Amino acid sequence: EFFASLLKKDSIEAALKIIPFIDFECFKKPIEAVKGENSLMEIENELDNQYYSGVLEFSKLLPRQGNLFRDFLMKEIEIRNLLAILKLKKAGIEKSKMRDFLFFTDDSAYKNLLEKLISSELHAMPKFLEKNDYGEIIKEGFKSYEATGSLIELEASLYKYLLKKSILLLHLKCKR
């Protein structure tokens, strides 16, 4: 019934206003962007940011399993941000605007990594990521990108990596 009422709304703004678990005030700038640019990108980004903020807060309430879930969620955020930076760089978006499309956490080391990725040239990014547990995926994905000009293989490999992590999380949960 709730989703049916969303679909009946005649504007994005009207639909956002009735969603009880979001802070509508945060959507004023993205709504203006939709009107000016005819693009949902900023609204989608704000929805993502509110989702990740809410889920991270919720994970703090969980007992021991919350740490496993939080670790997985942080990996998902890392990969989402990485893919966003890659796509934004490929699209030629200014570095100063890239931060608006990323989800920053309280982790200062991670913030520093994001700043390095934003400031670097696209071809230099694998160097900053080689020590991550998905460093090999990045290296292979960039080889594919250089050969084809497409990020699809890299994106698919990173999502496959996340899927394997979620399966591992599920197995760990079932063993307890």
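Right above here is the structure, for reference.
Residues numbered from 1 in each chain as written. Predicted model: local features only at pLDDT ≥ 70, side-chain atom pairs only at ≥ 80, totals over all residues. Heavy atoms only, no water.

Caption draft 1: The arrangement of the nonpolar core in detail. Membership of the largest hydrophobic core comes to 35 residues, with the highest contact counts inside it found for L82, L86, M125, Y134, I138, F142 and L158. Those elements that place two or more of their residues in this core are helix 4 (41-59), helix 5 (64-90), helix 7 (108-119), helix 8 (125-129), helix 9 (135-148) and helix 10 (152-175). When residues of this core are assigned to their parent elements, the largest contribution, 10 residues, is made by helix 5. For L158, the residues in contact, after removing those within four places along its chain, are I79, L82, L83, Y134, I137 and I138. In terms of nonpolar packing, the next biggest core, distinct from the first, is built from 10 residues, I19, F27, V34 and I43 among them. (Core = buried A, V, L, I, M, F, W, Y, C linked by side-chain atoms within 4.5 Å. Buried < 20%, exposed > 50% of the residue type's maximum accessible area, 1.4 Å probe, protein only. Helix = DSSP H or I, 4+ residues; strand = E, 2+ residues; numbered from the N terminus. Contact = heavy atoms within 4.5 Å.)

Caption draft 2: Region of interest: the packing of aromatic side chains. Counting across every chain of the model gives 4 aromatic pairs. Between Y52 and F103, the ring centres sit 5.7 Å apart and the planes meet at 50°, which makes this aromatic pair tilted. Highlighted residues: Y52 in helix 4 and F103 in the loop between helix 6 (95-98) and helix 7, separated in sequence by 51 residues. Each member of the pair, Y52 as well as F103, carries the same accessibility label: buried. An aromatic cluster is defined as three or more aromatic residues linked by ring pairs; in this entry it consists of Y51, Y52 and F103. (Phe/Tyr/Trp six-rings, centres within 6.5 Å; stacked < 30°, edge-to-face > 60°.)

Caption draft 3: Representation of helix 7 within the structure. In a regular helix each residue adds 1.5 Å, so 12 residues correspond to 16 Å; helix 7 covers 16 Å between its end C-alpha atoms and thus fits that length. Within helix 7, burial applies to Y110, L113, L114, L117 and I118. Seen end-on, helix 7 carries its buried residues on one side only, within an arc spanning 135°. (Expected span 1.5 Å × (residues − 1). Arc of directions from axis to C-beta.)

Caption draft 4: Structural context of the pattern of salt bridges. Taken as a whole, this structure holds 14 salt bridges when the rule is applied. E13 serves as the salt-bridge partner of K17, at 3.9 Å between the closest nitrogen and oxygen. Taken as a pair, K17 and E13 lie in helix 2 (residues 12-17) at a separation of 4 residues, close to a single helical turn. Assessed through its relative accessible area of 52%, K17 is described here as exposed. Its relative accessible area of 28% is what places E13 among the partly exposed residues. When the shortest N-O distance is used, the salt bridge between K35 and E13 registers 3.8 Å. Here the residue K35 occupies a position in helix 3 (residues 28-37), and E13 occupies one in helix 2, the gap between them amounting to 22 residues. On the basis of relative accessible area, K35 is assigned to the exposed category, the value being 56%. (Salt bridge = Lys/Arg side-chain N within 4 Å of Asp/Glu carboxyl O.)

Caption draft 5: Layout of the packing of helix 3 against helix 4. It is the contact of helix 3 with helix 4, at a shortest axis distance of 7 Å, that shows an interaxial angle of 160°. Here helix 4 runs roughly antiparallel to helix 3, going by the angle between their axes. Handedness of the helix 3/helix 4 crossing: left-handed. Where helix 3 approaches helix 4, its residues K29, P30, I31, A33, V34 and E37 are matched on the opposing element by E42, I43 and E46. Looking at the contact of helix 3 with helix 4 residue by residue, the classes come out as 5 nonpolar, no polar and 4 charged. (Axes fitted to C-alpha atoms, helices over the stretch in contact; angles between N-to-C directions. Parallel < 35°, antiparallel > 145°, perpendicular 65-115°, else oblique. Left-handed = near helix turned anticlockwise from the far one by under 90°. Nonpolar A, V, L, I, M, F, W, Y, C, P; charged D, E, K, R; others polar.)

Caption draft 6: Focus on the side chain of N81. By secondary structure assignment, the location of N81 is in helix 5. Given the relative accessible area of 0%, N81 is considered buried. Among residues more than four places away in sequence, those in contact with N81 are L102, F103, Y110 and L114.

Caption draft 7: Seen up close, the side chain of R80. Structurally, R80 is set in helix 5. A distance of 3.3 Å separates a polar atom in the side chain of R80 from a polar atom in the side chain of D48. Ignoring sequence-local partners within four residues, the contact set of R80 consists of N45, D48, N49, Y52, F101, L102 and F103. (Polar contact = N/O pair within 3.5 Å; in protein donor to acceptor, adjacent residues only side chain to side chain.)

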